[in-house]
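Topology and contacts: notes
Residues per chain, in single letters:
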Amino acid sequence: MDILIVGSGGREYSIALALKKDKEVGTVYMAPGNGATQRIAVNIDIKDFDELADFVQNNSIDLTIVGPEAPLVEGIVDVFNERKLPIFGASKKASRLEGSKVYMKNFLKKYNIPTASYIQTDDLKEATDFIESLTEPIVIKADGLCGGKGVIIAQTKLEATEAARDMLSGDSFGDAGKFIIVEEFLDGYELSVFAVCDGENYKILPAAQDHKRLLDGDNGPNTGGMGAYAPTPLINDELYKKVEKQVVIPTLEGMQKEGSPYSGVLFIGLMIINDEPIVLEYNVRFGDPECEVLMPLLETPASQLFYKAATKDLQNLDLEFYDKYAVAVVVASQKYPYSGSTPSEIIVDENVHDELDGTHIVYAGVSKEDEKLYATGGRVLLCVGLGESIKEARDKAYLLCGQVHFAGKQFRLDIAYQALNK
Ligand code: AMP
Ligand code: GLY
């Protein structure tokens with residue numbers, strides 16, 4: 001089976017690695033890929049969805065897997081579906097679960113799925129009145145996609161009002177902030193749960209935990225994610241059952257009723273308060289860096305998982321994961337998340353092999369020149385460790401962090417601390 005992956009980051013690199021281990025998989029193509037994906041795949045530089053579909057048809061590619069949200073929200077799946085080309089991902093309509101926070105919140109309310117209380121508004125007076133009724137801190141969210149920056153946790157009512165004003169005026173996020181959500185702050189711990197869906201059936205993957213803040217101890221600014229581990233002991237069978245019953249099943253049933261059955265991976269961002277799951281958000285794609293710890297744990301051939309989801313055949317999938325743990329530490333550039341990096345060469349110690357199994361490097365924000373790899377992005381690469389325990393996996397990941405070098409590298413030293421302190 002030949003497969004195309006759409007995307008260029010660590011998430012897509014980790015999917016490609018999982019496919020390379022799968023004996024059923026022939027050539028893996030990536031559009032556009034990055035400077036390191038050329039080692040494991042064929043990079044192609046096509047953006048237009050129709051042209052991509054032509055490429056898939058002309059090269060008899062059996063399956064396309066979409067990594068990031070942008071092409072999903074823009075309707076890549078609809079273009080491929082119309083041409084009967086198997087594709088893993090959510091349709092344009094279904095992608096509104098991530099593309100519009102207003103749509104998501106109203107969907108949650110309509111189908112009685114637990115979430116923070118909120119209002120949606122485009123009116124500053126209405127926003128201010130609701131802000132006054134809440135206790136601090138207060139959460140303000142722009143409706144549209146803002147590259148992960150559209151959520152403000154305001155410590156005071158004044159700060160909340162200012163954030164609402166900036167968004168509504170178009171100053172902060174342009175049109176994406178024309179509508180906003182004002183919502184209560186939830187105080188608990190966060191979990192990422194992923195359900196791979198085929199419109200009707202679903203398979204739950206082991207829960208992962210991300211670390212969104214830049215600095216140790218969950219301090220500093222929010223980022224795309226500085227590291228993840230899975231499976232997390234912060235969830236047990238009882239909580240998994242609650243998540244399925246109270247969130248996953250009503251979401252899939254609700255999306256069917258809305259006329260946009262959900263296919264692809266549903267990423268449920270949860271806040272757990274008193275052992276109850278409360279939905280913070282949905283994403284219509286794998287988390288990054290969560291994907292980088294889930295893919296190496298997958299025992300079932302990766303092509304089967306993605307292909308059966310794309311072809312409405314998940315009920316015939318026996319999904320197995322290794323009885324192991326994975327920890328991924330993001331190694332970012334010096335100025336992340338404020339600005340990009342000055343290109344600097346990546347040097348990996350000689351005794352380190354970038355293996356397909358076990359501990360390995362996942363490349364994300366990198367470019368290649370003259371056979372050398374350069375750090376060019378914000379999140380440059382991830383060091384992934386696998387082990388019989390979280391501690392062993394984490395130790396291996398950190399050992400690898402010490403064996404990879406580029407100017408200005410920074411990473412958190414406490415990935416998985418909540419699990420290790422438990
Ligand atoms: P979102 O894009 O909605 O997931 O928000 C990004 C991050 O903001 C989440 O991962 C949480 O850490 C935080 N967040 C969002 N909504 C809330 C809330 N109501 N209460 C507390 N934290 C929140
Ligand atoms: N790791 C969080 C995200 O991908 O949104």
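Everything numeric here is computed off the predicted structure, so don't read it as measured data.

Regarding the site of ligand 2
- As a matter of local geometry, ligand 2 sits amid Asp210, Lys212, Gly224, Phe267, Arg285, Gly287, Asp288, Pro289 and Glu290.
- With respect to ligand 2, the side chain of Asp210 contributes an N or O atom lying 2.8 Å from a nitrogen atom.
- Gly224 is positioned with one of its backbone polar atoms (N or O) 3.3 Å from a nitrogen atom of ligand 2.
- Its free accessible area being 200 Å², ligand 2 has 88% of it covered by the protein chains.
- Looking at the shell around ligand 2 residue by residue, the classes come out as two nonpolar, two polar and five charged.

A word on the nonpolar core
- Counting residues in each nonpolar core, the largest one holds 126 residues, and the members touching the most others are Ile76, Tyr262, Phe286 and Leu381.
- A total of seven residues in this core trace back to one element, the largest contributor, which is strand S18 (residues 325-332).
- Not counting the four nearest positions on each side in its chain, Tyr262 is found in contact with Ala90, Ala94, Leu97, Cys197, Asp198, Gly199, Leu252, Met255, Asn283 and Val284.

A look at the packing of aromatic side chains
- In total, this model carries ten aromatic pairs according to the counting rule given.
- Judged by centre distance (4.8 Å) and plane angle (90°), the rings of Phe88 and Phe306 are edge-to-face. Of this pair, Phe88 sits in strand S5 (residues 87-88) while Phe306 sits in helix H11 (residues 302-310), and the two are 218 residues apart along the sequence. Both residues of the pair, Phe88 and Phe306, count as buried.
- An aromatic cluster is present here, built from Phe88, Phe194, Phe267, Phe286 and Phe306 joined pairwise through their rings.

Quick word on unusual backbone geometry
- The omega torsion of the bond from Glu136 to Pro137 falls at -10°, within 30 degrees of zero and hence cis.
- The peptide bond linking Tyr336 to Pro337 adopts the cis configuration, its omega dihedral lying at 5°.
- Residue placement: Pro337 occurs in the loop between S18 and strand S19 (344-345).
- Phi is positive for Asn274, close to 50°, though the residue is something other than glycine.

Considering the site of ligand 1
- Glu183, Glu184, Leu186, Glu190 and Glu281 are the nearest of the 14 residues found near ligand 1.
- Lys212 is positioned with one of its side-chain polar atoms (N or O) 2.9 Å from an oxygen atom of ligand 1.
- For ligand 1, the protein covers 90% of the area, taking 470 Å² as the surface of the free molecule.
- Residue assignment for the shell around ligand 1 shows that the elements contributing at least two residues are strand S7 (138-142), strand S8 (151-154), strand S9 (180-184) and strand S17 (276-283).

Rules of the game
- Residues numbered from 1 in each chain as written.
- Chains lettered and ligands numbered in written order.
- Predicted model: local features only at pLDDT ≥ 70, side-chain atom pairs only at ≥ 80, totals over all residues.
- Heavy atoms only, no water.
- Near = heavy atom within 4 Å.
- Polar contact = N/O pair within 3.5 Å; in protein donor to acceptor, adjacent residues only side chain to side chain.
- Areas by Shrake-Rupley, 256 points an atom, 1.4 Å probe, with all protein chains shown as cover.
- Nonpolar A, V, L, I, M, F, W, Y, C, P; charged D, E, K, R; others polar.
- Core = buried A, V, L, I, M, F, W, Y, C linked by side-chain atoms within 4.5 Å.
- Buried < 20%, exposed > 50% of the residue type's maximum accessible area, 1.4 Å probe, protein only.
- Helix = DSSP H or I, 4+ residues; strand = E, 2+ residues; numbered from the N terminus.
- Contact = heavy atoms within 4.5 Å.
- Phe/Tyr/Trp six-rings, centres within 6.5 Å; stacked < 30°, edge-to-face > 60°.

Function cannot be inferred from these measures alone, as they are strictly geometric.
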